[in-house]
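# Structure assessment
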Amino acid sequence: MKDLLVKDILRETKGQLIVGDEDLVCRKFSKDTRKIQKNDVYIGIKGDTFDGSKFWKQALEKGANCVIVENIEFTKEEKEKFKDKTIIKVKNTLEALYKIAGYKRSLYAIPVIAITGSVGKTSTKDIVANVVSQKYKTLKTIGNNNNNIGMPFTILNLEDHEAMVLEMGMNHFGEISLLTSIAKPDICVITNIGTSHIGILGSRENILKAKLEILEGNPEATVIINNDNDLLHNWYEENKEKRKVRTYGIKEKSDLNAQEIILNKQDSEFTIDLSDEKIKVKVPVGGEHFVLNSLCAAVVGNELEISINDIIKGIESFELTKKRMDISQLDSGITIINDAYNASFESMKATLEYLSEFKEKRKIAILGDMFELGDYSKELHKNVGEEVYKNDIDILICNGKNAEYIVYGAKEKGMNEKYIYYISEKDNVIPTLRKIVKNDDILLFKASNGMKFYELAEEVKNTF
């Protein structure tokens, strides 16, 4: 374990020690006074609607032994009251967070794997981390803490870890550039380039440009890409002589290809040629996209010289972060697929293709809006409707302003209007389901996170 001291924080942030001990060891960090543990370091992050620095007293009173704040003036009485604690004042707590996390990262000579992409970041992170953990004690991003606050706090959780797997998200230029400058990854993974955030960035080409910022943190990093993705494939062909790039895929010839693929409802099977051996792999989640995620994990494992047996073990035993392809079987025989954490056209398409594999069940898709699509919103929502028809979904239920276009797309392709429901009020979705759903049906819930369709999925699980 590498010790991070108060004097290190003062040096890196150019902070001012108000009271306290420069040699205090800082181990655990928090930004939430509701979750403060004894001897935590509290960082008062300033948000759009609140100023965390104002809660410094609460943090100390709840057990924190150090606080880092901005724009606070301390009275003589306050300094006396908390003289046995440590108080650091900085110009900007967010900038301080970046500096502290960057320094903490510099203390560890361990492999760092960074993962980005339009879809599949979290599930790929889960599989990769499970493979890496077969050889190394691994720290990974918890949930989707992949932004400019969540990722630095993940790094600050480093203790006696031997590897780290970080997820990096973005919706604007410059965001991944910041994250990678802090993390300085040794391996950079890009899962795909789709249409997420296209309304903000303007084109898939711009999305590629924003994702490629991940390479700025370490010019010597190995790049691992999904070679089946058209834009990534083109980028690879143009750059394969300029830096170390490893590829995986199903369709395009790659460093690692899946062969003899069998897509089952609850899992998938395929073979790979790895280290001159033909290996059979079983993925504990269905869907072709999880075959790709598993290939990615195998390439990462191979790059880190993890044994073939451990790579296979890591793939076959991984567990998904909740709300992503969370499948539940009710006593009534109803199957619930809660994939409602986020949505883009590409993830909608992949999940509908997976749903179509349940041939013997009546398939009901409850779909909502996809966000941040801008001028492309109408077209991409219509395209989802076309995928509903193409994949022989039996019943379509939509809720959301732009989800109307999903309905239009399905109707235009020829889906019977008798089996299409547009529900303007979200509160009416469950009553509609009560009238429609039969035992042994399978229900898919999918929309962008802000639609909160995971609440609908949970209500069905609790009441049907």
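For the structure itself, look to the data block above.
The model shown is predicted, which means the values in this text are computed figures rather than measured ones.

## With respect to the overall build of the protein chain
For the protein chain, the helix and strand inventory stands at 17 helices and 21 strands. Computed over the C-alpha atoms, the radius of gyration of the protein chain is 24 Å, within 12% of the 23 Å expected from 2.2 N^0.38 for a compact globule of 464 residues. By its C-alpha atoms, the protein chain is 75 × 55 × 45 Å across when sized along the principal axes. Relative to its full complement of 464 residues, the protein chain shows a buried share of 58%. Considering only residue pairs separated by 6 or more positions, the protein chain has 66% of its internal contacts joining residues 24 or more positions apart. Surface accessibility of the protein chain: about 20,500 Å² in total, with carbon and sulfur atoms responsible for 44%. Treating the 67 positive side-chain charges of the protein chain as one cloud and the 73 negative ones as another, the clouds have centres 3 Å apart.

## Examining the sheet that holds strand S18 (residues 363-368)
Strand pairing in a sheet is mediated by backbone hydrogen bonds. Such pairs are either parallel or antiparallel. Sheet architecture is open: six strands sit in the order S16-S17-S21-S18-S19-S20, paired in mixed fashion. At either end of the open sheet lies a strand with only one pairing partner, and these are strand S16 (326-329) and strand S20 (420-422). The mean angle between the axes of side-by-side strands here comes to 15°, regardless of whether they run parallel or antiparallel. Here five bridges tie S18 to strand S21 (residues 442-446), and the two strands are oriented parallel to one another. Paired with Lys363 across the bridge in S21 is Ile442.

## Remarks on helix H10 (residues 230-239)
Turning to H10, its buried residues number three or more, namely Leu231, Leu232, His233, Trp235, Tyr236 and Asn239. Here the buried face of H10 lies against strand S9 (187-190), helix H9 (204-211), strand S10 (222-226) and strand S11 (245-249).

## Overview of the packing of helix H5 (residues 121-132) against helix H11 (residues 288-303)
One can describe the packing of H5 onto H11 by two numbers: an axis separation of 9 Å at closest approach and a directional angle of 35°. Between H5 and H11 the crossing geometry is right-handed. For the pair formed by H5 and H11, the contact residues are Ser123, Thr124, Ile127, Val128, Val131 and Val132 on the first element and Phe290, Asn293, Ser294, Cys296, Ala297, Val300 and Gly301 on the second. Split into classes, the residues belonging to the contact of H5 with H11 amount to eight nonpolar, five polar and no charged.

## Structural notes on the sheet that holds strand S6 (residues 112-116)
In spatial order, the strands read S7-S8-S6-S9-S10-S11-S12; together these seven strands make up an open sheet with parallel pairing. Each of the sheet's edge strands pairs with one partner strand only, and the pair in question is strand S7 (138-140) and strand S12 (256-257). Two strands pair when backbone bridges link them, and S6 and S9 are joined in this way by four bridges, in the parallel orientation. The residue of S9 that forms the bridge with Ala114 is Cys188. Contacting S6, S7 and strand S8 (163-167), H5 runs over the sheet at an angle of about 175° to S8.

## Focus: the pairing of strand S13 (residues 259-263)
The side chains of a regular strand alternate, first on one face of the sheet and then on the other. Pairing of S13 with strand S14 (residues 268-274), which is carried by three bridges, proceeds in the antiparallel orientation. Looking at the pairing, Leu263 lines up with Ser268 of S14. In textbook terms, the turn of a hairpin is the stretch between consecutive antiparallel strands, and for S13 and S14 this stretch comprises four residues.

## Observations concerning the pattern of salt bridges
Proximity of charged atoms lets side chains of opposite charge pair with each other. The tally for this structure, following the rule as stated, stands at 32 salt bridges. Residue Asp230 pairs with Arg204 through a salt bridge whose shortest N-O separation is 2.7 Å. Highlighted residues: Asp230 in helix H10 and Arg204 in helix H9, separated in sequence by 26 residues. Among the residues examined, Asp230 registers a relative accessible area of 40% and is labelled partly exposed. Take Arg204: its relative accessible area is 21%, and that puts it in the partly exposed class.

## Brief notes about the side chain of Asn146
Note on placement: Asn146 falls in the loop between S7 and helix H6 (150-155). Accessibility expressed as a relative area gives 13% for Asn146, which makes it buried. At 2.9 Å, the side chain of Asn146 and the side chain of Glu167 are in polar contact. Apart from residues no more than four positions distant in its own chain, Asn146 is found in contact with Lys121, Thr141, Glu167, Met168, Gly169 and Leu179.

## Some remarks on unusual backbone geometry
In this structure, Asn39 takes a positive phi of about 70° despite not being glycine. Positionally, Asn39 belongs in the loop between strand S2 (29-30) and strand S3 (41-43). Overall, Asn39 belongs to the partly exposed group, its relative accessible area being 42%. A positive phi angle, near 70°, is found at His197, a position not held by glycine. Structurally, His197 is set in the loop between S9 and helix H8 (198-201).

What counts as what
Residues numbered from 1 in each chain as written. Predicted model: local features only at pLDDT ≥ 70, side-chain atom pairs only at ≥ 80, totals over all residues. Heavy atoms only, no water. Helix = DSSP H or I, 4+ residues; strand = E, 2+ residues; numbered from the N terminus. Rg over C-alpha atoms; globule rule 2.2 N^0.38 Å. Buried < 20%, exposed > 50% of the residue type's maximum accessible area, 1.4 Å probe, protein only. Contact = heavy atoms within 4.5 Å. Areas by Shrake-Rupley, 256 points an atom, 1.4 Å probe, with all protein chains shown as cover. Lys, Arg positive; Asp, Glu negative; His and termini not counted. Charge placed at Lys NZ, Arg CZ, Asp CG, Glu CD. Pairing = 2+ DSSP bridges. Axes fitted to C-alpha atoms, helices over the stretch in contact; angles between N-to-C directions. Left-handed = near helix turned anticlockwise from the far one by under 90°. Nonpolar A, V, L, I, M, F, W, Y, C, P; charged D, E, K, R; others polar. Salt bridge = Lys/Arg side-chain N within 4 Å of Asp/Glu carboxyl O. Polar contact = N/O pair within 3.5 Å; in protein donor to acceptor, adjacent residues only side chain to side chain.

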